[in-house]
Amino acid sequence: MSQHPAHTEKEAVPHVGGSAAPLLAVDAIHKRFPGVHALKGVSFEVHAGEIHALVGENGAGKSTLMRILAGVHSPDEGTIRIDGTAVTIGSPAEGLRLGIAMVYQDTRLAPTLDVAWNLALGHEPGGAVFIDRREMDYAARAALAAVGADIDPRRMAADLSRAERQQVEIARALARRARVLILDEPTSALTLTETERLMEILSDLRARGTGIVFISHRVPEVLALADRITVLKDGEVAGEVAAAAATPQQIVEMMVGRPIGLAFPPRAEDTGEVAACLRLTGDDDAAEIVLRRGIITGFAGLQDAGQSAAARALFGDTSVAYDIEVGDARFQPRGPADALASSVVYVPADRRGEGLSESHGIRENIALPFVDKWATKGVLATGREAAEVDQASRAIGVKAPDWETPLSALSGGNQQKVVFARWGLQTADVLVFDEPTQGVDVATKLELYRLIRDRASAGAAVAVISSDLVELIGLSDRIMVFSDGRPVREVDAATATEAGLLSLAVTGGRRNESRDSEAKGARRAQFGRYGPAALLLLLVAAIFTVTAANTDFFLTPRNLGSLAGQAAPLLFAALGQMAVILLGGIDLTVGPIISLVTTIASYLLAPDAPVPAAVGIAACLGAGLAVGALNAAVIVVFRIPDLVATLGTFSVVQGLALMVRPSPGGTLDPEIAAAITERVSRLPLAFIAVVLVFLLAEAILNRGRLGARLYALGGSAEAAAVAGIRGDRLRAMAYLFSGFMAAVAGLIIAARIGSGDPQAGSAFTLASVTAVVVGGTSVFGGVGTAAGTFLGAILVVLIQNVLNQFQVSAYWQYIWTGLLTIAAVAGHGLRSPDRRRAMAARARAVFRVTQAKNLEGET
Amino acid sequence: MSTTKGTNWSRRRLMGTGLAAMGGLLLPSSMLRAQEGATLDAVGDMMSMAAKPGPYRIGFSNGFSGNSWRAMAIAALQAEAAATPDIAEFVVLDGQGDINKQVNDIETLINQGVDAILVIANSGAAVAPILRDATAEGIVTAPFNLPVDGEDWSTYVGTDPLRKGGTLGKWLSDALGGTGKIVALGGLPGNSYTAAGWEGAQAQFAPGIEVLAFRDAHWEEDRAKVVMADLIAAYPQIDGVWCDGGQVGAGAMKALLAAGRPLVPVTGDDYNGMLKLYDAEKGNHPKFDIGLMSEPTWQGIFAMRAVVSLLKGEQVPKRQVLVPKMITRNNYAQYLRPGLPDGVFTDTSLSDEELAKIFNA
Amino acid sequence: MAASRTALRRVLAELGAVWLAVIGLYAIASIVSPPMLQLGQVFNILQVASFLGVIALGQFVVVLSGGIDLSQAGVVTLTNIVATSVMLGEDTMILPAIAICVGLALVIGILNGAMVAVLGITPLVATLGMNALLFGSALVFTGGAPRGAGAPALDAIGNGTLGGVPVATLIWLVLAAMLWALMRQTVFGRWLYSVGGNARAAHMMGVPVERVTITAYALSTIMAAFGGLLLTAYVGNPSLGIGNQYLFTAVAAVVVGGAALSGGVGSVPATVGGAVFITVLGSFTNIVRVSTGAQFVIQGALILASVYAYRQFARRRP
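Residues numbered from 1 in each chain as written. Chains lettered and ligands numbered in written order. Predicted model: local features only at pLDDT ≥ 70, side-chain atom pairs only at ≥ 80, totals over all residues. Heavy atoms only, no water.

### Quick look at the pairing of strand β3 (residues 50-56) of chain A
Residue and element names in this part refer to chain A. Rules: For each residue, the accessible area found with a 1.4 Å probe, counting protein chains only, is set against the maximum for its type, and the residue is called buried under 20%, exposed over 50%, and partly exposed in between. A run of H or I in DSSP becomes a helix once it reaches four residues, and a run of E becomes a strand once it reaches two; helices and strands are each numbered from the N terminus. In short, DSSP must find at least two bridges between two strands for them to pair.
For β3, the buried fraction is high: 7 of the 7 residues fall into the buried class. Of the two faces of β3, the one carrying Glu50, His52, Leu54 and Gly56 and the one carrying Ile51, Ala53 and Val55 are both buried. Direction of pairing for β3 relative to strand β8 (residues 211-215): parallel, over a ladder of 5 bridges. Opposite Ile51, over in β8, you have Ile212 as the bridge partner. Pairing between β3 and strand β9 (residues 228-233): 5 bridges, direction parallel. Each bridged residue has a counterpart across the sheet, and for Gly56 the counterpart in β9 is Leu232.

Spelled out as structure tokens, the structure:
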């Protein structure tokens, strides 16, 4: 490797040797997993004001060591010392308390919380229940400024770029006063300027006395930044060197354990014919992207400068419009299928999200794009499949016991080899690799470079997108520089320099009004929170108006009072259900709990009850909590998925209700029943109570500590764990809450029916789920509002009442209920233009016929 | 008082009967013949209230629909409402089998200011409080078919499931000569009708009757057939089957047939499918016997008439208990309707034409 | 050696640990009630299991795609109602009745699939709404009083046996074999697994995700229609409540069979085992002399226990 990146000046920080204890030290750590001895007596230390790089091949034990330091795993043997004192790090939260913060490769931010929340999560300013939003925003701005990040604290984490997410994570670590900052492959997703910015921040932190552990596969970067370098190999320390004295060659050979050539494969000698040509539609200034056979064209640019968009245009993505020619003919792919049929392949950067199915084996993953081509009349050619997969995997050198091994069992580098093996089966005319070496170790990287070059030599036109300019310059023949979404200039890679490319990337384009769009994004996030609720409010209002205008008895105080009374139990039950669904779960026991509570009430709240009313009510609520605890145990302790678990407990609780009271009967003490169904003028107290509970719930969700924890856990379990949220406990609490709320609903029902009935709650399970989902809560968790759930439940009850008011026949009521429910949920999908576009695209996809481009076609 | 012969009733003839019955209502504790065989016992005090000017708006909260018995009961009520000049509007709401929705429905009817509410309760306990509220507001409330707990309603018409179950139990016990092993199949889990009926039946069994199992069969042939298939496998000897519904009895017998077992004495109601099955199989199975007791689909008419009487200021008994006649091997042919679907309940006020219309809908 | 172990592992994974649970439960049931061991009772249970089994096959396809289909109950009911009212006890009308029912199921399935794949509605709610709609349609169609009857010739299918084995069971197994071939031997099957495993990745590799999803929902309702037809043949009569019991039991059968509700994982033979397990469980609780309530408790607890055991087993396997 000839060129070093022009990173920040390395300061010569002398080690604080001997006398002062290291900030963090691990001593002779062992860690064993079933079948693997991952760490074999590793010792490692980092001092204050030091950047200590940790390098090694995939599987060398870096990740295990880091997880031990972060409190995810505990070591089998060995000690961890902080300031010379031995400590045990039992959980990420404890690690944070001890001053150790991790910044993960795939950042751990809660996607559905905004930046300020993410920064403060677990340590929000404010009171016991509610946070101080102003203080939180202020602190967020300060924390972001400290790392030089210019990010609006109100933006949703999901809307941030990877670089921005990483900046937020570092800002968070610093805001928590982390003394040791561990960064896992921090630059793998960053563009050059962003990398440079990160280096500056890290140097600054070092100067301020933070101990930094830096894990990277990019050897030049490590040499430029670190003070010391520890090389891990096969779970042992292969050596520790001072960075100033080391050479790249030396480091790599320590990592690999043998001498190795570090050169890129030689460049192409001839330029081949044009295989594809892209021109940005309607932009005459933009450079034409020409992909030639036999040539590797690198796409360079800052983060999101349009490199991937150009590549994806070849795969039918129309978010940036390109006029494309493949061969001599115009090419308008409407999706990956069209592109593949025309021998155009795009290998996405997000391997796990877009490239692979981790639950499936190597064979299935490799063969997927070809199974239909190999098949005869839709029947798989299993023999050919096995042979092709075997040959391709061997040729690439995929390491696995057999080709049925699921991808989840493979390392990142090996997974990428599977992807390469897959596309080795297609003699593509055009091949685009998006960040092909991300998260891949050095030895594998070199193999991948060779494979990419081989494809070009074999006659394919290859494009490579990489944020590692050293890699890009070394690997490519030509480099197309992108700036502000447009291709601006193509340069010869042989003469290109990082500085030159960077200057083109920064100055080559026009500045867009990015500030504006950012502000719009923030506004959309706020509107987005109450969008579903607003939509429902319109629907409810419309139903109110139409019904009031056309029926006689709807808009009477009396009927409205009844409506409120009818809605109260469902509202309680739906709020509990929502807490669970917010975490991505579901509670099917809501209905049976209501039934069970009425049966218990019919004994313990009877006029001649053996216990005082307070005890009876406590027992009813306790029953709800007990079922919640049962659900929590099955889900949290026994790890059975929520839907399956509560499908089982549904039956159990329904059975208990039938055992308590095999058939309806008993009497509730009329005084107690009257107290529960008490009304203030026409308005039931229970309804007033539930409205207050919802107001509180919405406040807690929007501004409370607990709310943020629910969103964080529902949005991403890892993010929650990193923020020190005890996911299992919170999940258990959600089920307890749901059980409790169902029990409250059960008491109201018991009071309304004045007796016990083992089927009283049968309709509530599905009604509560419907109310929550209609209210805009995502069943995947992390998104939803109490306001939406409130209106969802109101809508469910309202539909019933209105159909009665219109005297719709019993039979048609089912149909209307089904239609209105579907319409209300479908409405959410039509809310934003983005969603409407996606929907239209899906609709077109249904009718699309895949067509290979006719290469001999029109000229 | 009039009686009619045969089973091919026209509505006019029923109305004649009904009018006679109404006349009879003025005489306390009289025994009325509502249809051939069936009697209507007035029980308890006479009720009356201040007359209201007509015509009246009457609501009907039906606990659920979705079987032919309910469809026939609604049709009978609608026909009666149409033929009664005093009734201006007849509103039917459906509880969809949900106890809670039915309470909401009744609340809606109260809010709509109806003069009277007829109810077939999903749960006799659950609708009691809301009916009490309605009655307190001066609305005439008339549960029928299934009893409602307490006394806080105006008037009740229907069978007595405890007594009915007991009668069927006694018949089965007798049919087996006082000894034998039986199984019992009921309706929906946790419903009070089956519970009361089974309680009545158990009290009537001779000491020699051994109950092998009681199972819920949802008042559906398919469920009964599946449950019975399991019981057949578990118990080598089953001498009789107690059911409170004809569909369940028919399903149970079909399971015996499918298993190649002989058919045995069975109870049930006036479900045409059961009658047809008996007619077809009685020759092949010497032990096959039926003890059925109808659950008349026309009982709502008497509830409706009682309600109108009350509104007019006339006196009406608090309870009118229907005692249907037993249908056995001796008289089943009278009830059998070979040309009509299995789902018809043959003790009906509806003509064949009307039935055909309902079942063709 | 390694290859043969791999092959064995594949066979075991395909069959599913659920069959061990089936055998265990059946053994316990036989101790409680020795007649369970008679061949007749085995066939009896397989006969009863065939309805749930066929319906669960359809549910399996949808679960594999990462969805759930709660409209199957409505399809079963509608099929029963429509089939009996078309046949009216006439053998000549059997084929038209089947054609109409399957056609109807196809339309319903495509609508379900379109709601999920195109409109992006959560499957749980979309199919639940459809279920209400279908039940309502059955009520409107019959006016609450279903008419008609199954054709006499259908009795041979519903109650007949072939060499001692119930015909319904044979039909179930033939359908399962066909579906198994579809899943494992065809491009569609491979696509379906890939969509359930990672829909986005499948799309990037040219798999027509939307069409695969819609086809999955169509297969689900068509299987539900077959199940409804078998039930109709078994019972011979229309019943508006006939489908209700399959609202959740079909899902339970698929889950007990070891399929992941997140999609992409599961097999047809294991789903067959799941349906047998749920049916044996029902028979078991029927013959143990316990109250209805206790019956529910036992069923729920055993479903949980079997899923837990299955997951432990699957985790421990190398």
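Picking up where we left off.
### Topic: the packing of helix α29 (residues 764-774) of chain A against helix α30 (residues 786-805) of chain A
Residue and element names in this part refer to chain A. Operational definition: Whenever a helix is involved, its axis is fitted only over the stretch in contact; in every case the axis is a line through C-alpha atoms, and angles between N-to-C directions fall within 0 to 180 degrees. Roughly parallel refers to an angle under 35 degrees, roughly antiparallel to one over 145, roughly perpendicular to one between 65 and 115, and oblique to any angle outside these ranges. By convention, the crossing between two helices is left-handed when the near helix turns anticlockwise from the far helix through less than a right angle, and right-handed when the turn is clockwise. Residue contacts are defined here by distance: any two heavy atoms, one from each residue, within 4.5 Å place the two residues in contact. Under this grouping Gly is polar, as are all residues other than the nonpolar Ala, Val, Leu, Ile, Met, Phe, Trp, Tyr, Cys and Pro and the charged Asp, Glu, Lys and Arg.
Where α29 meets α30, the closest approach of the two axes is 7 Å, and the angle between their N-to-C directions is 125°. It follows from the interaxial angle that α29 and α30 lie oblique. For the element pair α29 and α30, the recorded crossing hand is right-handed. Within the contact between the two elements, α29 uses Ala767, Thr770, Ala771, Val772 and Val774 and α30 uses Thr789, Gly792, Ala793, Leu795 and Val796. Looking at the contact of α29 with α30, its residues break down into 7 nonpolar, 3 polar and no charged.

### As for the pairing of strand β5 (residues 116-120) of chain B
Residues and elements named next belong to chain B. Note the following rule: The handedness of a crossover follows from its direction of travel: if, with the strands pointing away from the viewer, the path from the first strand over the helix to the second runs clockwise, the crossover is right-handed.
With 5 of 5 residues buried, β5 lies mostly within the body of the structure. Relative to β5, strand β3 (residues 56-62) runs parallel, the two sharing 5 bridges. Bridge pairing in β5 links Ile58 to Ala116. Pairing geometry for β5 and strand β6 (residues 140-143), over 4 bridges, is parallel. Looking across to β6, one finds that Ile117 is bridged to Thr141. In this view, the connection linking β5 to its parallel neighbour β6 by way of helix α4 (residues 128-136) has right-handed handedness.

### Some points on the packing of aromatic side chains
Heads up, the condition is: Between the rings of Phe, Tyr and Trp (Trp by its six-membered ring), a pair exists once the centres lie within 6.5 Å; its type follows the angle of the planes, with under 30 degrees stacked, over 60 edge-to-face, and the other angles tilted. For a ring to carry a charge above it, either NZ of a lysine or CZ of an arginine must fall within 6 Å of the ring centroid while also lying within 35 degrees of the normal to the ring plane.
Scanning the entire structure with this criterion turns up 24 aromatic pairs over all chains. A centroid spacing of 4.9 Å and a plane angle of 90° characterise the contact between Tyr814 of chain A and Phe135 of chain C, whose relative ring orientation is edge-to-face. With one member in each of two chains, Tyr814 of chain A in helix α31 (residues 810-829) and Phe135 of chain C in helix α6 (residues 123-142) form a pair that bridges those chains. With respect to burial, Tyr814 of chain A and Phe135 of chain C carry one shared label: buried. Ring geometry for Trp298 of chain B and Phe302 of chain B: centres 5.7 Å apart, planes at 70°, overall edge-to-face. Across the pair, exposure class does not vary: Trp298 of chain B and Phe302 of chain B are buried alike. Among the aromatic residues, ring-to-ring pairing joins Trp198, Phe205, Phe214 and Trp242 of chain B into one connected group. The ring of Tyr603 of chain A is capped by Arg661 of chain A, whose NZ or CZ atom sits 4.2 Å from the centre of that ring. The positively charged end of Arg305 of chain B is found above the aromatic ring belonging to Phe302 of chain B, 5.4 Å away from the centroid.

### Digging into the interface of chain A and chain C
Applied cut-off: As used here, buried area is the combined drop in accessible area, with a 1.4 Å probe, of two parts when they are placed together. The rule for a salt bridge is simple: a side-chain nitrogen of Lys or Arg has to be within 4 Å of a carboxyl oxygen of Asp or Glu. A 3.5 Å cut-off defines polar contacts: any pair of N or O atoms within that distance qualifies, except that in protein one atom must be a possible hydrogen donor and the other a possible acceptor, and neighbouring residues in sequence count only when both atoms are side-chain atoms.
Taken residue by residue, the interface counts 75 residues in chain A and 68 residues in chain C. Summed over both partners, the interface of chain A with chain C buries about 5,800 Å², with 74% contributed by carbon and sulfur atoms. Broken down residue by residue, the surface that chain A buries against chain C is led by Leu368, Tyr811 and Ile822 of chain A, which jointly contribute 11%. Counting every contact that joins chain A to chain C gives 2 salt bridges. Where chain A touches chain C, the interface holds 14 residue pairs in polar contact (both at pLDDT 80 or more).

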